[in-house]
Amino acid sequence: MTHSTALIHYTLHLADDGLILGHRNSEWTGHGPILEQDIALSNIALDLIGQARNFYQYAAELINIGGLSGPSNISNPAMGPGLSDGPRSPVTEDQLAYLRDGWDFKNCLLVEQGNGDWAKTILRQFLFSAYQTTLYEKLAQSRDKTLAAIAAKSYKEGVYHLRWSSEWVIRLGDGTEESHTRMNNALDELWKFTGELHTAATYELETAAKAISPDLSTLQPLWKEKVKEVFDEAGITYPPSVWMQTGGKEGRHTEHLGYVLAEMQFLQRAYPGCEW
Amino acid sequence: MAENQWPLWEVFIRSKQGLDHKHAGSLHAADAQMAIENARDVYTRRMEGVSIWVVESKYVHASSPDDATSFYEPANDKVYRHPTFYDLPDELKHM
């Protein structure tokens, strides 16, 4: 794997995390428990999709510079078969979002999990934001100037997401018997996907070695500290070590991603190039 | 439904430094912290503000429309209360 291929994969991984979680959150739009929280979660969805756009644009730029596009690279895992719509036509951010298949997506498993109830959606956001803020804080010092700039800008958004979701975890964890039970149920469902956050994929080992991305194992204690602090206040027990499911970052997903893509990509696949 | 409603809050937004907080609207929230965040999400998403005040609506005491005649109309003919007899320098804005 060359330097630029690892960088492309890593950039797509960051983009996919944002797009899939953003899409999941956007499924709440119009269905939130109360107008104000509906807007809050929709804002977070838009933030995440905005971050994803920045990463996709950069990934597309890297792919186009690297000349990886076109029919001869149909099987390139960074691209997927849907991108071969002409000889060497430049790849766009939209193609990367809407025309890749499940095995091309490199998002972590946590973000593709179903919304469930409000507790599960909140906890998913909290566990992810705790990871994302520590990541972006370090990524802002990346040797790759573009990634550093996107991370620095996105970090501010992430801090708010973390604050908002932390308060909800505390509110539900330390709320009524029912809300506490729901938060614990959500924890049971989601915890096994948190190990992947700090387990480096092949391309992350390469980007970390080149000081493009932080060493994920150094982020784990910071993440644990943040999560534990909120759990303590919420009256939730920090789970003991359990078996963790991984694979999303390498394209091996749970059954949930396919449904997300089917809905999200339908329009562009049914009406290619459609704009409105 | 009514008894399950979160309390109503009035939201005041300062659009930029040096200006005062203006009433922006109202919203529902469980507590003051949530009210500020809701206000941030509902009323400042298009860069409308740099500072937020919230106050639970039940603490706002309002004048009654029935009092309008005795409250406001007596001021109608007191033109001397307006500081309109001063010459203002051109540099003075926002007066």
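Refer to the structure above for everything that follows.
Here is what the cut-offs are and how they apply
- Residues numbered from 1 in each chain as written.
- Chains lettered and ligands numbered in written order.
- Predicted model: local features only at pLDDT ≥ 70, side-chain atom pairs only at ≥ 80, totals over all residues.
- Heavy atoms only, no water.
- Helix = DSSP H or I, 4+ residues; strand = E, 2+ residues; numbered from the N terminus.
- Rg over C-alpha atoms; globule rule 2.2 N^0.38 Å.
- Buried < 20%, exposed > 50% of the residue type's maximum accessible area, 1.4 Å probe, protein only.
- Lys, Arg positive; Asp, Glu negative; His and termini not counted.
- Charge placed at Lys NZ, Arg CZ, Asp CG, Glu CD.
- Contact = heavy atoms within 4.5 Å.
- Areas by Shrake-Rupley, 256 points an atom, 1.4 Å probe, with all protein chains shown as cover.
- Buried area = accessible area lost by both parts, 1.4 Å probe.
- Salt bridge = Lys/Arg side-chain N within 4 Å of Asp/Glu carboxyl O.
- Polar contact = N/O pair within 3.5 Å; in protein donor to acceptor, adjacent residues only side chain to side chain.
- Nonpolar A, V, L, I, M, F, W, Y, C, P; charged D, E, K, R; others polar.
- Phe/Tyr/Trp six-rings, centres within 6.5 Å; stacked < 30°, edge-to-face > 60°.
- Expected span 1.5 Å × (residues − 1).
- Arc of directions from axis to C-beta.
- Core = buried A, V, L, I, M, F, W, Y, C linked by side-chain atoms within 4.5 Å.

Enquirer: Would you mind going over the overall build of chain B in detail, with residue names and values included?
Expert: The secondary structure content of chain B amounts to 2 helices and 3 strands. In chain B, the order of α-helices and β-strands from amino to carboxyl end is β-β-α-β-α. Expected size for 95 residues packed as a compact globule is a radius of gyration near 12 Å; at 19 Å, chain B overshoots this value by more than 25%. With the C-alpha coordinates aligned to their principal axes, the bounding extent of chain B is approximately 55 × 40 × 15 Å. Within the span of chain B, comprising 95 residues, buried residues form 19% of the whole. For chain B, the separation between the mean place of its 10 positive charges and that of its 15 negative charges on side chains is 6 Å.

Enquirer: Describe in detail the overall build of chain A, supporting the description with residues and values.
Expert: Looking only at helices and strands, chain A features 10 helices and 0 strands. Going from the N terminus to the C terminus, chain A shows its helices and strands as α-α-α-α-α-α-α-α-α-α. Taking 19 Å as the expected radius of gyration for a compact globule of 276 residues, we find that chain A reaches 18 Å, a close match to that expectation. The 276 residues of chain A split such that 55% are buried. Within chain A, contacts between residues at least 6 apart in sequence are counted, and of these 77% link residues at least 24 apart. Surface summary for chain A: the accessible area is close to 11800 Å², and the carbon and sulfur share equals 56%. Each charge class in chain A can be summarised by its mean position, and for the 23 positive and 35 negative side chains these summaries are 5 Å apart.

Enquirer: Give me unusual backbone geometry: which residues, what numbers.
Expert: The phi torsion of most residues other than glycine is negative, and most of the peptide bonds are trans. One non-glycine residue, Ala211(A), lies in positive phi territory at about 60 degrees. Among the structural elements, Ala211(A) can be located in the loop between helix 8 (202-209) and helix 9 (216-234). For Ala211(A), a relative accessible area of 37% translates into the label partly exposed. If you check the backbone angles, Met47(B) has positive phi at about 60 degrees while not being a glycine. For Met47(B), a relative accessible area of 77% gives the class exposed.

Enquirer: Please set out the interface of chain B and chain A residue by residue, giving values where relevant.
Expert: Every contact between the two is made by 12 residues of chain B and, on the other side, 13 residues of chain A. A combined buried area of about 1300 Å² lies between chain B and chain A, and 49% of that area is made up of carbon and sulfur atoms. Summed over the shared surface of chain B and chain A, the number is 2 salt bridges. Its salt-bridge partner being Arg171(A), residue Asp31(B) comes within 3.9 Å of it at the nearest N-O pair. Summed over the shared surface of chain B and chain A, the number is 7 residue pairs in polar contact (both at pLDDT 80 or more). Elements represented by at least two residues in the side of chain B that touches chain A include exactly strand 2 (22-28) and helix 1 (32-43) of chain B. Counting residues per element, the side of chain B that touches chain A draws most heavily on helix 1 of chain B, which supplies 7 residues. Tallied by class, the residues present in the side of chain B that touches chain A amount to 4 nonpolar, 3 polar and 5 charged.

Enquirer: Break down the packing of aromatic side chains for me, citing the residues and quoting the values.
Expert: Counted under the stated rule, the structure contains 12 aromatic pairs over all chains. Relative to Tyr136(A), the ring of Phe55(A) lies with its centre 6.4 Å away and its plane at 40 degrees, an arrangement referred to as tilted. One end of the pair, Phe55(A), is in helix 2 (residues 35-66); the other, Tyr136(A), is in helix 5 (residues 118-139), and 81 residues separate them in sequence. Among the aromatic side chains, those forming a connected cluster through ring pairs are Trp28(A), Trp118(A), Trp164(A), Trp168(A) and Trp6(B).

Enquirer: Tell me about helix 7 (residues 177-190) of chain A, and please be specific about residues and values.
Expert: Residues and elements named next belong to chain A. Taking 1.5 Å per residue, 14 residues should reach 20 Å; helix 7 reaches 20 Å between its end C-alpha atoms and fits that length. Three or more residues of helix 7 are buried, namely Ser-179, Met-183, Ala-186, Leu-187 and Leu-190. Summarising the axial view, the buried residues of helix 7 lie within an arc of 100 degrees, below the 170-degree limit, and thus occupy one face. Exposed and oriented more than 90 degrees from the buried face of helix 7 are Glu-177 and Asp-188. Looking at the buried side of helix 7, the elements it contacts are helix 4 (109-112), helix 5, helix 6 (145-173) and helix 9.

Enquirer: So, the nonpolar core: which residues are in play, and what are the values?
Expert: Formed by 85 residues in total, the largest nonpolar core has its most connected members in Leu123(A), Leu127(A), Val169(A) and Phe231(A). In this structure Val169(A) touches Ile122(A), Leu123(A), Phe126(A), Asp174(A), Met183(A), Val230(A), Phe231(A), Ala234(A) and Ile236(A), once residues within four positions along its chain are discounted.

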